[in-house]
Amino acid sequence: MALDGPVLEVRDVAQSFSTEGFGTRLIYEHVSFSVTAGEVFVILGGSGCGKSTLMKQIIGLLPPTAGSVRVLGHDMYPGDDRGDVLTRIGVMFQSGALFGSMTLLENVMLPLQMHTDLPEEARVALARAKLGLVGLADSTELLPAEISGGMAKRAAIARALALDPPLLFLDEPSAGLDPVTSAGLDQLILDLRDILRATFVVVTHELASILAIADRCLMLDRGAHGVIALGDPRALRDGSDDPRVRAFFRREAA
Amino acid sequence: MSATLSVSTEDGATVLRFTGRMDAAGIAGIWTQTMRAAAEPHEGALVADLAGVALCDTAGATLLLGAEARHGGPIGLRGQEAGLDTLLDRLRRAPPPPQPTPAPGWTFTSLARLGLRAAGGGIAYLGEVAVALAMAPSRRRMLRLSDLLRTADEAGVRAVPLILMLGFLIGLILAFQSAVPLQRFGAEIFVANLVSVSLLRELGPLLTAVILAGRTGSAFAAEIGTMKVNEEIAAIRTLGLDPMTMLVLPRLLAALLVMPALTLLMDASGIAGMSVVMQALGYSPDAIAIQIRQTVALGDLFGGLFKAMMFGAAVAAIGCRCGLAAGNGPRAVGQAATGAVVGGIVAMVLLDGVFAVLFYLLGW
Ligand SMILES: Nc1ncnc2c1ncn2[C@@H]1O[C@H](COP(=O)(O)OP(=O)(O)OP(=O)(O)O)[C@@H](O)[C@H]1O
Ligand SMILES: [Mg+2]
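Treat the numbers as computed from the prediction; the structure is a model and nothing was measured.

Visitor: Sorry if this is basic, but what is going on with the site of ligand 1 here?
Guide: All names here are of chain A. By nearness alone, 14 residues border ligand 1, and Ser47, Lys51, Ser52, Thr53 and Gln94 come closest of all. Between ligand 1 and threonine 53 there is a distance of 2.5 Å, counted from an oxygen atom to a side-chain nitrogen or oxygen. With the chains in place, 65% of the 630 Å² that ligand 1 exposes on its own is no longer accessible. With 3 residues, helix α1 (residues 51-58) is the largest single contributor of residues to the shell around ligand 1. A breakdown of the residues in the shell around ligand 1 according to their chemical character gives 3 nonpolar, 7 polar and 4 charged.

Visitor: How should the environment of B:Leu305 be read in this particular structure?
Guide: All names here are of chain B. Counting through the fold element by element, leucine 305 comes out in helix α11 (residues 298-324). On the accessibility criterion, leucine 305 (11% relative accessible area) is buried. Expressed as a C-alpha distance, the spacing of leucine 305 and serine 110, which sit 195 residues apart in the sequence, is 42 Å.

Visitor: What's the story with helix α3 (residues 104-115) of chain A in this structure? I'm lost.
Guide: Residues spaced three or four apart along an α-helix point in a common direction, a consequence of the helix completing one turn every 3.6 residues. Every buried residue belonging to α3(A) is among A:Leu104, A:Leu105, A:Asn107, A:Val108, A:Met109, A:Pro111 and A:Leu112, and all of these are buried. Those residues of α3(A) hidden inside the fold are in contact with α4 (120-133) and α5 (149-160) of chain A.

Visitor: What exactly am I supposed to notice about the sheet that holds strand β4 (residues 76-78) of chain B here?
Guide: All names here are of chain B. Pairing is mixed across the open sheet formed by 4 strands, whose spatial order is β1-β2-β3-β4. This sheet does not close on itself; its edge strands, each paired only once, are β1 (4-10) and β4. Each strand axis lies, on average, 25° off the axis of its neighbour in the sheet, ignoring direction. Both strand β2 (residues 13-22) and strand β3 (residues 46-56) contribute to a ladder of 8 bridges, which runs parallel.

Visitor: How do you make sense of α5(A) when you look at a structure like this?
Guide: Residue and element names in this part refer to chain A. An ideal rise of 1.5 Å per residue puts 16 Å on 12 residues; α5 measures up with 17 Å between its terminal C-alpha atoms. Within α5, 11 of the 12 residues are buried, leaving the element largely enclosed by the surrounding structure. For α5, the set of buried residues is Gly150, Met151, Ala152, Lys153, Arg154, Ala155, Ala156, Ile157, Ala158, Arg159 and Ala160. Looking at the buried residues of α5, the elements they touch are β6 (89-92), α3, α4, β7 (167-171) and α6 (179-196).

Visitor: Where do I start with the packing of aromatic side chains in this structure?
Guide: When we look at a pair of aromatic rings, we describe it by the centre distance and by the angle of the planes. Tallying each qualifying case throughout the model produces 5 aromatic pairs over all chains. Judged by centre distance (4.8 Å) and plane angle (10°), the ring pair of A:Phe33 and A:Phe41 falls under stacked. Grouping residues by exposure puts A:Phe33 and A:Phe41 together as buried. Relative to A:Phe249, the ring of A:Phe248 has its centre 5.6 Å away and its plane inclined at 75°; by these criteria the two rings are edge-to-face. Since its relative accessible area comes to 6%, A:Phe249 is described here as buried. Among the aromatic side chains, those forming a connected cluster through ring pairs are B:Phe306, B:Phe311, B:Phe355 and B:Phe359. Directly above the aromatic system of A:Phe99 lies the positively charged group of A:Arg159, at a separation of 4.6 Å from the ring centroid. In this structure, B:Arg251 is placed above the aromatic ring of B:Phe220, and the distance from its NZ or CZ to the ring centre is 5.5 Å.

Visitor: I would appreciate a short explanation of the coordination of the magnesium ion (ligand 2) in the present structure.
Guide: Six octahedrally arranged donors around a metal ideally form angles of 90 or 180 degrees; four tetrahedrally arranged donors ideally form angles of 109.5 degrees. Residue and element names in this part refer to chain A. Coordination of the magnesium ion (ligand 2) by the protein is provided by Ser52 (OG) and Gln94 (OE1), with metal-donor distances spanning 1.9 to 2.1 Å. Here the residue serine 52 occupies a position in helix α1, and glutamine 94 occupies one in the loop between β6 and α3, the gap between them amounting to 42 residues. You can call glutamine 94 partly exposed: its relative accessible area is 36%.

Visitor: Honestly, the sheet that holds strand β1 (residues 8-18) of chain A in this entry has me stumped. Any pointers?
Guide: In a beta sheet, neighbouring strands pair by backbone hydrogen bonds and run either parallel or antiparallel. All names here are of chain A. With antiparallel pairing, 4 strands are arranged side by side in an open sheet as β2-β1-β4-β5. The open sheet has two edge strands with one neighbour each: β2 (24-35) and β5 (74-75). Looking at chain direction, β1 and strand β4 (residues 66-71) are connected through 5 bridges and run antiparallel. Each residue of the ladder has a partner; that of valine 10, found in β4, is valine 69. α1 rests against β1, β2 and β4 of the sheet, and its axis sits at about 120° to β1.

Visitor: Is there a simple way to think about the packing of helix α5 (residues 145-155) of chain B against helix α7 (residues 191-229) of chain B in this case?
Guide: All names here are of chain B. The interhelical angle for the contact between α5 and α7, taken along N-to-C directions, is 140°, at an axis separation of 10 Å. With respect to each other, α5 and α7 are oriented oblique. Along its contact with α5, which presents Arg150, Thr151, Glu154 and Ala155, the element α7 presents Leu212, Arg215, Thr216, Phe220 and Glu223. A per-class count over the contact of α5 with α7 returns 3 nonpolar, 2 polar and 4 charged.

Rules used throughout
- Residues numbered from 1 in each chain as written.
- Chains lettered and ligands numbered in written order.
- Predicted model: local features only at pLDDT ≥ 70, side-chain atom pairs only at ≥ 80, totals over all residues.
- Heavy atoms only, no water.
- Near = heavy atom within 4 Å.
- Polar contact = N/O pair within 3.5 Å; in protein donor to acceptor, adjacent residues only side chain to side chain.
- Areas by Shrake-Rupley, 256 points an atom, 1.4 Å probe, with all protein chains shown as cover.
- Helix = DSSP H or I, 4+ residues; strand = E, 2+ residues; numbered from the N terminus.
- Nonpolar A, V, L, I, M, F, W, Y, C, P; charged D, E, K, R; others polar.
- Buried < 20%, exposed > 50% of the residue type's maximum accessible area, 1.4 Å probe, protein only.
- Contact = heavy atoms within 4.5 Å.
- Pairing = 2+ DSSP bridges.
- Axes fitted to C-alpha atoms, helices over the stretch in contact; angles between N-to-C directions.
- Expected span 1.5 Å × (residues − 1).
- Phe/Tyr/Trp six-rings, centres within 6.5 Å; stacked < 30°, edge-to-face > 60°.
- Lys NZ or Arg CZ within 6 Å of the ring centre and 35° of its normal.
- Donors = N, O, S within 2.8 Å, 3.2 Å for Na, K, Ca; no water.
- Parallel < 35°, antiparallel > 145°, perpendicular 65-115°, else oblique.

Distances and angles like these do not, on their own, reveal function.
Shown next, in the form of structure tokens:
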């Protein structure tokens with residue numbers, strides 16, 4: 001899907017949660033960025049800085065306290081045509097969020113069943129192919145409760161890929177994976193980007209992975225309540241004069 | 001724009017000419033046609049012409065691989081975009097799915113073994129509860145009072161309005177239904193005897209226990225089942241703690257504690273409901289009270305309360321057991337809750353039968 005202009009536009013977004021009593025707790029504010037088609041965009045930052053929250057906001061699950069989000073040219077809030085957008089994005093949640101009462105194959109087949117008219121045989125073949133891409137070809141008949149944590153992550157990625165969406169959101173896809181599988185996943189992301197011109201928004205902490213896949217990255221900080229860096233990760237690693245960014249890329253304790 | 005397929009022969013080779021978008025939605029219309037075309041016996045090679053294809057993603061690639069498998073040999077490609085070969089390579093690299101081993105059929109021995117294992121599990125559980133009870137004094141620290149109080153509050157205090165309402169209505173209905181036939185013999189005054197005896201001895205404890213099974217037994221099973229699914233039970237064990245003492249005993253004690261009180265309330269509100277009918281029939285409260293006192297002995301009341309405690313213990317124990325025995329996944333939690341209610345009700349009726357025989361032999 002060649003789209004003119006950015007596939008994702010986040011303008012001045014803020015999020016705060018109400019605390020017990022009548023207070024509010026600000027997570028971040030003034031977050032703005034845009035992602036163009038075919039880009040791998042990485043969101044990074046310390047634990048608890050709001051990466052998953054930002055992702056939920058972008059995909060339309062959590063209205064921002066302020067600001068606006070446009071995905072594939074549609075406003076997500078108010079999301080009158082959100083249903084149309086949702087079939088064209090793939091999302092992998094940090095926890096995997098596989099359906100516990102379905103096998104891996106059924107999990108991946110579900111979006112195909114709901115959004116296409118493919119015959120049963122084709123759905124099975126497609127779902128098997130997606131599971132094969134993430135290295136789970138031999139576990140298709142297992143239930144989520146019967147697989148390891150890393151396998152659940154990969155199955156969740158396969159489900160996000162089910163419809164070959166042009167825009168994918170992955171929340172910590174390689175957390176809990178061994179370096180070899182993790183590198184394989186990075187290669188898969190790059191291949192899909194190159195072959196299908198898919199766009200990726202990836203939340204990750206893995207430095208190696210960031211440097212391998214990211215065209216640009218956005219760094220959030222809990223203390224700063226917002227963005228502290230935006231740009232090419234290699235340039236940030238070598239040239240940033242923000243001590244927090246330097247500490248992150250050099251794996252120093254802040 | 002959906003994909004289209006046309007089949008032709010060129011120099012002995014069969015050519016599948018695709019056009020349009022070969023994504024999941026696009027190939028829906030041509031999947032069956034493609035498979036059929038690929039499966040037909042071919043003299044020469046099978047070639048896919050993709051020159052007119054706007055986009056071919058993993059769905060399209062899977063279609064081509066499916067055709068290849070049907071054909072039984074490699075499929076030639078022409079006019080494809082550069083990336084497609086890489087994509088096909090990636091998809092081909094996945095190992096074929098394992099062949100499922102057929103499940104063995106049911107035999108008498110396998111069924112018997114299953115039944116024995118279930119029975120053994122139940123007996124082992126009773127043993128574990130007994131051990132936990134015996135060890136409770138030395139494991140006082142694991143027995144958290146706050147847990148006990150919270151459970152007693154949820155199982156008991158919060159059930160009071162429901163118990164009062166149901167008891168009142170049941171007393172009312174029983175009295176009304178029995179007044180009609182008794183009236184024909186001029187024996188309406190005995191409605192008081194009938195309702196109070198049946199409430200105190202049977203209906204009070206049974207109905208209260210049914211409510212406990214529905215409200216609380218299922219909640220125990222769901223709560224503990226969720227903990228099991230989330231590996232919290234395993235975490236309790238690895239922390240050197242005993243799930244029996246930490247989870248089961250407080251719930252058991254809470255049920256033992258609240259059941260007599262709830263049953264008493266059920267009895268009282270039932271009798272109140274009955275008196276409303278009796279007064280409508282023209283009997284004074286004094287007359288009703290005298291009638292009740294003549295028929296009901298203290299033994300009836302205490303026998304009923306004792307039964308109620310046993311029912312409560314059975315419901316709580318079965319609820320916890322269903323939770324602890326829950327399998328994996330969200331469906332298991334639902335099954336545990338269902339099992340808790342069904343098991344609790346069956347167990348209390350069986351127990352009631354046992355008590356009926358026992359009380360009869362004891363001359364109560
Ligand atoms: N529903 C919620 N209610 C209140 N606070 C929330 C809620 N969801 C998230 N938060 C808070 O928002 C902050 C950011 O959470 P988030 O899950 O986005 O972190 P994260 O950056 O993804 O961290 P991690 O790397 O550990 O996954 C946290 O401090 C969290 O407590
Ligand atoms: Mg997160």
